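# Structural description and commentary
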Amino acid sequence: MPTLSTPSLRTQLYQAFHNKMFLITMALMCLLSICAVYLIVSSRAESLQLQNEFYFDEQGIPRVTLDIPATSLYCKWLGGDATTFATAAFYLVAFLACSIPFSWSLLSERKSGYDGQMVLRCGRLRYYSAKYAAAFLSGAAVVAVPLLLNFVLTACFIPAFTPEPYAELYYGLTTTYLWNGLFFQHPVLYVLLYILLAGVMAGAWATLGVSLSFFCRNQFQTIILPYLSLLFFHVLWNSMLNNALRCPVQLSPIYFIIPRELTSSNHPLVIVAWLAAIALVNLLVVWRKGWRTDVL
Amino acid sequence: MYCKFLWFDVRQGLLRCWKKLLAACAVMLCLLLLHCLLIYTHNTTLPPSEAALSFTTGDLLASVLCGIPPYDPVAQQPFLFPAIWLLFFLLLLYQVLLYPMENLNGIGQTMLMLSKSRRVWWLSKCSWCALYVLVYFALFYALAALLTLAAGGEVTLALSSYYPSLWEVRNELQPPPWDTLPFFLLAPCIACALALAQATATLWMRPIFAFFASCLYWLASSYFLSPLLLGNYAMMQRIQTMVSDGLPCLSGLVSAALLCVCCLALGCWRSARMDILTFDY
């Protein structure tokens, strides 16, 4: 019975987290999140300076404006501000970046014949499950770690005013948005949950690349095709299906992993359905192509 | 020599890849059908007294290539990226991404050594890339024309007078009729220039990171209104022939031409210095 400490999993995890593709992708995503901190901190400093210059009462004391909570950490970190380029860029490329670290690995080993060796030594179940687990974790890491880094760095510069319900207009959240209640009671937990959600969805998406390895001939196809498929689904859903089906829920992961509501609300069932569908596809592919075919 | 190289590239990278183009056609058809469905649903909900809307080929093409109006972050509205427009161009960039490097990693290496000219190899790859973009756009335009015919619309590049009302145009629209031909000629030129830029980038970095950079560049084009971000010229809603403060088509054409020349020169310089024997993309 394979366990987390099996040599195969350890080997795959080592490969996943120590290859050049992982390191470059992680560096790029972290760079994006650090740039976002710089941009948000510099623009906030300018606006606060303007506010200090012009917003005084009769006694010369700066006025406290209603939008102060909206300039807090929870609205200004990468996931909290949907008006910045960095946010759009990060969440758009997240589903591409997640596949870069390790989704190509199975195809590479299939080409070299290494997979046959590994299957003979540790068994199909252990080998394939380790491969999927490593792809999941590395994919999740390149999305979740930069988000976490951004949140921590932004917290170093911007005060974390507790979100106030009276200023909900600025937060871009409706009452139906997932974990909305937490945002006002435990905002840090809300942020952490959305970082986790982004990581889990990205990790799950990265495993689709591993499944594609059974059908593709080029490693880059295993990275880019799932991404373009997601973009295609995003177009279909947001341009036609949600109107045609009159569905108020956002089904596209590109939008529903963002902690701010963009076009429509998200729903926990949608997330579970996506994860179940991805797991089902992976299981079917491994069963048909990995289990029943001769590795040699 | 150049012609032999180019013919080889056309056979290997275009004629043999008909399945890729077929898949692209399927995606394009879906994108075009979205507009047909929009008009169809509008017509089904019309009261009997009102005339049903029809559409032209220009409307169909514009539904994919219109993009979004310039984004204003001060308005505090969330930025929604132009997904249809982005998908159309990213699909093209993906399709032209791999062939040059696959070629250099395979038979192209032998051909390159036998020909003794790296410059010819690179020029042939650039020509192939430009040709692929033209074929991609030709298919797109042809599909739109066929779909218009099938739906009983008018095959013309002119836009219907109602069409821009579907856009969220914030700037002032030029008075109709709009001259759309320059835009429909400019869009493939911009795509060609940026595909060449991506191909040139693959001489320095792995193709996947060149594609990654392309994604960010095209997204930046939709977020920032700047003549330096050439993607702006590939959005109908940002062109001077459509909106009063739009970008002039001529400057887009000049920028695209300049970028193509730079890519050719940089590619020649880089390919002459690359170690092709140990090259692994």
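Structure shown above.
Residues numbered from 1 in each chain as written. Chains lettered and ligands numbered in written order. Predicted model: local features only at pLDDT ≥ 70, side-chain atom pairs only at ≥ 80, totals over all residues. Heavy atoms only, no water.

## Some words on the packing of helix H7 (residues 124-157) of chain A against helix H10 (residues 187-212) of chain A
- Direction vectors running N to C along H7(A) and H10(A) enclose 145°, while the axes themselves pass 7 Å from each other. Note on packing geometry: the crossing formed by H7(A) with H10(A) is right-handed. (Axes fitted to C-alpha atoms, helices over the stretch in contact; angles between N-to-C directions. Helix = DSSP H or I, 4+ residues; strand = E, 2+ residues; numbered from the N terminus. Left-handed = near helix turned anticlockwise from the far one by under 90°.)

## Some remarks on the interface of chain B and chain A
- Tallying the contact residues gives 36 residues for chain B and 36 residues for chain A.
- In total, chain B and chain A occlude about 3,200 Å² of area from one another, counting both sides; carbon and sulfur atoms represent 83% of this.
- On the chain B side of the contact with chain A, Ile208(B), Phe209(B) and Phe212(B) bury the most area, a combined 20% of that side's loss.
- Linking chain B with chain A are 0 salt bridges.
- One can count 4 residue pairs in polar contact (both at pLDDT 80 or more) joining chain B with chain A.
- Sorting the residues of the side of chain B that touches chain A by element identifies helix H2 (18-44), helix H4 (83-95) and helix H9 (207-223) of chain B as the ones contributing at least two each.
- Residue contributions to the side of chain B that touches chain A peak at 10 residues, all from H9(B).
- Taken together, the residues of the side of chain B that touches chain A sort by class into 32 nonpolar, 2 polar and 2 charged. (Contact = heavy atoms within 4.5 Å. Buried area = accessible area lost by both parts, 1.4 Å probe. Salt bridge = Lys/Arg side-chain N within 4 Å of Asp/Glu carboxyl O. Polar contact = N/O pair within 3.5 Å; in protein donor to acceptor, adjacent residues only side chain to side chain. Nonpolar A, V, L, I, M, F, W, Y, C, P; charged D, E, K, R; others polar.)

## Notes on helix H6 (residues 114-122) of chain A
All names here are of chain A.
- Residues Asp 115, Gly 116, Met 118, Val 119 and Cys 122 constitute the buried set of H6. What you see down the axis of H6 is that its buried residues fit within an arc of 165°, all on one side. In H6, the exposed positions that point more than 90 degrees away from the buried face belong to Leu 120 and Arg 121.
- Just beyond H6, the residue with positive phi is Gly 123, at close to 90°. (Buried < 20%, exposed > 50% of the residue type's maximum accessible area, 1.4 Å probe, protein only. Arc of directions from axis to C-beta.)

## Considerations on a nonpolar patch on the surface
Residues and elements named next belong to chain A.
- Among the surface-exposed residues, Leu 125, Leu 280, Leu 284, Trp 287 and Trp 291 lie close enough to one another that they form a single nonpolar patch of about 540 Å² accessible area.
- At 4 residues, helix H13 (residues 268-291) tops the list of elements feeding residues into the nonpolar patch.
- Among the secondary structure elements, Trp 287 is positioned in helix H13.
- Assessed through its relative accessible area of 45%, Trp 287 is described here as partly exposed. (Patch = residues over 30% accessible without salt bridge, like charges linked within 9 Å, V, L, I, M, F, W, Y side chains within 5 Å. Areas by Shrake-Rupley, 256 points an atom, 1.4 Å probe, with all protein chains shown as cover.)

## Quick word on the pattern of salt bridges
Residues and elements named next belong to chain B.
- Applying the stated criterion across every chain yields a total of 3 salt bridges over all chains.
- Note that Asp 9 is salt-bridged to Lys 125, the shortest N-O span being 2.8 Å. Note that Asp 9 is positioned in helix H1 (residues 2-15) and Lys 125 in helix H7 (residues 118-151), a separation of 116 residues in sequence.
- Of the residues examined, Asp 9 reaches a relative accessible area of 0% and is grouped as buried.

## Observations concerning the nonpolar core
- Phe81(B), Phe88(B) and Phe211(B) are the most contacted members of the largest nonpolar core, which totals 178 residues.
- In contact with Phe88(B), other than residues within four places in its own chain, are Met28(B), Leu31(B), Val64(B), Leu65(B), Tyr136(B), Phe137(B) and Phe140(B).
- Residues Ala16(A), Val119(A), Ala134(A) and Ala135(A) belong to the second largest nonpolar core, which totals 15 residues. (Core = buried A, V, L, I, M, F, W, Y, C linked by side-chain atoms within 4.5 Å.)

## Considering the packing of H4(B) against H7(B)
All names here are of chain B.
- Between H4 and H7, the least distance of the axes is 10 Å, while the angle of their chain directions is 140°. As the angle between them shows, H4 and H7 are arranged oblique. With respect to the hand of their crossing, H4 and H7 are arranged in right-handed fashion. Contact residues: Phe 88, Phe 89, Leu 91, Leu 92 and Gln 95 in H4; Trp 128, Tyr 132, Val 133, Tyr 136, Phe 137 and Phe 140 in H7.
- The residue makeup of the contact of H4 with H7, split by class, is 10 nonpolar, 1 polar and no charged. (Parallel < 35°, antiparallel > 145°, perpendicular 65-115°, else oblique.)

## What about the packing of aromatic side chains?
- Applying the stated rule across the entire model yields 38 aromatic pairs over all chains.
- Between Tyr177(A) and Tyr194(A) the ring centres are 6.1 Å apart and the planes differ by 5°, which places this aromatic pair in the stacked class. With Tyr177(A) in the loop between helix H8 (168-171) and helix H9 (180-185) and Tyr194(A) in helix H10, this residue pair connects regions lying 17 residues apart in the sequence.
- Among the residues examined, Tyr177(A) registers a relative accessible area of 3% and is labelled buried.
- Since its relative accessible area comes to 1%, Tyr194(A) is described here as buried.
- Between Phe88(B) and Phe89(B), the ring centres sit 5.2 Å apart and the planes meet at 85°, which makes this aromatic pair edge-to-face. This pair shows no difference in class: Phe88(B) is buried, exactly as Phe89(B) is.
- Members of the aromatic cluster, each reached through a chain of ring pairs, are Trp85(B), Phe88(B), Phe89(B), Tyr136(B), Phe137(B), Phe140(B), Tyr141(B), Phe183(B), Phe184(B) and Trp218(B). (Phe/Tyr/Trp six-rings, centres within 6.5 Å; stacked < 30°, edge-to-face > 60°.)

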